[in-house]
Amino acid sequence: MQDKKSLKDQIYTSLFQDIIGGVYKPGDILREKTLVEKYNVSKSPVREALIELCNEHVLRSIPRYGYEVVSLTDQDVRNILEFRQMLECACLDRYWGTFTPEQIKKLEVVAHSFPENCELSALLQWENNSAFHLALVSCCNNRYIYDMLKTAITTLTRAFAQFYWDRWRKTNFVLENTQHKMIVEYIKNGDKEKAIACLYNDMNEFGLK
């Protein structure tokens, strides 16, 4: 028998994957009773998963009606990207010089997790990019900052799916993670200015004009 926490996490993951996979589209309504029947569980883990998705602004609770899948606009994406650029670059500046050898090694592993010019689906490419940024900010040892960044990345993942899902399904992309590797090298070499500039540029490739 799996505990309530693991059930909640599984339901959360399933719902999120269905949202970015287009099973549930922006404006669709999710109802607790239907999900309880779908997953064959009690109300508690379903409700907890729905609440977490609301906290991350993936869903919007409509009292006595259900949970609406939130639609994102280009301006929402621009706002989140600006927030990420300010947060991540400021963190790199603030905590510069505090990287341990173990942290740098971890960043190198993530940056080299796929071979150069490896052909990946856009979703895997995005997940690889997100993993590096989360690994970088985790070096600050500030859980609040980490959680804020994770929420922003979760929202951008939905934005990618909402705007580009047909393209994601049909196309493989060549992964060019050279900027991640360059950021790690700049950290190792003590070149803060270039590391911050490279980090900023890596977050400036969403494709909105």
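Residues numbered from 1 in each chain as written. Predicted model: local features only at pLDDT ≥ 70, side-chain atom pairs only at ≥ 80, totals over all residues. Heavy atoms only, no water.

Student: Is there a simple way to explain the sheet that holds strand E2 (residues 59–62) in this structure?
Tutor: By definition, the strands of a sheet pair up through backbone hydrogen bonds, in either a parallel or an antiparallel sense. Spatially, 3 strands are ordered E1-E3-E2 in an open sheet, and the strand pairing comes out antiparallel. Each having just a single partner strand, strand E1 (29–30) and E2 make up the two edges of the open sheet. In this sheet, strand E3 (residues 66–69) lies alongside E2 in antiparallel orientation, the contact comprising 4 bridges. Directly across from Leu-59, in E3, lies its bridge partner Val-69. On the sheet, helix H3 (residues 43–55) packs against E2 and E3 and is oriented at approximately 115° with respect to E2. (Pairing = 2+ DSSP bridges. Helix = DSSP H or I, 4+ residues; strand = E, 2+ residues; numbered from the N terminus. Contact = heavy atoms within 4.5 Å. Axes fitted to C-alpha atoms, helices over the stretch in contact; angles between N-to-C directions.)

Student: Explain the pattern of salt bridges here, please?
Tutor: Once their charged atoms are close, side chains differing in charge can pair, the charge on each being opposite to the other. Here the structure, examined in full by the defined rule, presents 10 salt bridges. As a salt-bridge pair, Lys-8 and Asp-9 come within 3.1 Å of each other at their nearest N and O atoms. Among the salt bridges present, the one from Asp-18 reaches Lys-38, with a minimum N-O distance of 3.2 Å. Highlighted residues: Asp-18 in helix H1 (residues 4–20) and Lys-38 in helix H2 (residues 32–39), separated in sequence by 20 residues. Linked by salt bridges that have partners in common, Lys-8, Asp-9 and Glu-52 make up one network. (Salt bridge = Lys/Arg side-chain N within 4 Å of Asp/Glu carboxyl O.)

Student: Help me understand empty space enclosed by the protein in this model?
Tutor: Over the atoms rolls a probe the size of a water molecule, and its path tells where empty space is left. Within the structure shown, the criterion is met by 1 cavity of 30 Å³ or more. Of the voids in this model, the largest cavity is the one considered here, and its volume is about 70 Å³. Every residue along the wall of the largest cavity is listed here: Glu-88, Cys-91, Leu-92, Phe-99, His-133, Leu-136, Val-137, Cys-140 and Leu-199. Among the secondary structure elements, those contributing two or more residues to the lining of the largest cavity are helix H4 (74–94) and helix H6 (122–138). Looking at side-chain class alone, the lining of the largest cavity contains 7 nonpolar, 1 polar and 1 charged residues. (1 Å grid on protein atoms, 1.4 Å probe; cavity = no way out; pocket = protein on both sides within 12 Å on 5 of 7 lines; lining within 4 Å. Points joined across faces, edges and corners; volume = space filled by probe spheres on them. Nonpolar A, V, L, I, M, F, W, Y, C, P; charged D, E, K, R; others polar.)

Student: Would you mind showing me how to read the nonpolar core here?
Tutor: Taken as a class, soluble globular proteins show a tendency for nonpolar side chains to be buried jointly. If you look at the biggest cluster of nonpolar residues, it comprises 22 residues, and the most contacted ones within it are Leu-15, Leu-30 and Leu-59. Among the secondary structure elements, those contributing two or more residues to this core are H1, H2, H3 and E3. Of the residues forming this core, the biggest block, 7 residues, is contributed by H1. Beyond its immediate sequence surroundings of up to four residues, Leu-59 is in contact with Ile-19, Leu-30, Leu-50, Leu-53, Cys-54, Tyr-67, Glu-68, Val-69 and Val-70. (Core = buried A, V, L, I, M, F, W, Y, C linked by side-chain atoms within 4.5 Å. Buried < 20%, exposed > 50% of the residue type's maximum accessible area, 1.4 Å probe, protein only.)

Student: Please clarify how unusual backbone geometry should be interpreted in this entry.
Tutor: Residues apart from glycine generally show negative phi values, whereas peptide bonds are mostly found in trans. Positive phi values are uncommon outside glycine, yet Asn-40 reaches one of about 55°. Tracing the backbone shows Asn-40 in the loop between H2 and H3. What makes Asn-40 exposed here is its relative accessible area of 69%. Phi at Asn-141 is positive, roughly 55°, even though this residue is not glycine. Its location among the elements puts Asn-141 in the loop between H6 and helix H7 (143–170). Owing to a relative accessible area of 67%, Asn-141 belongs among the exposed residues under this scheme.

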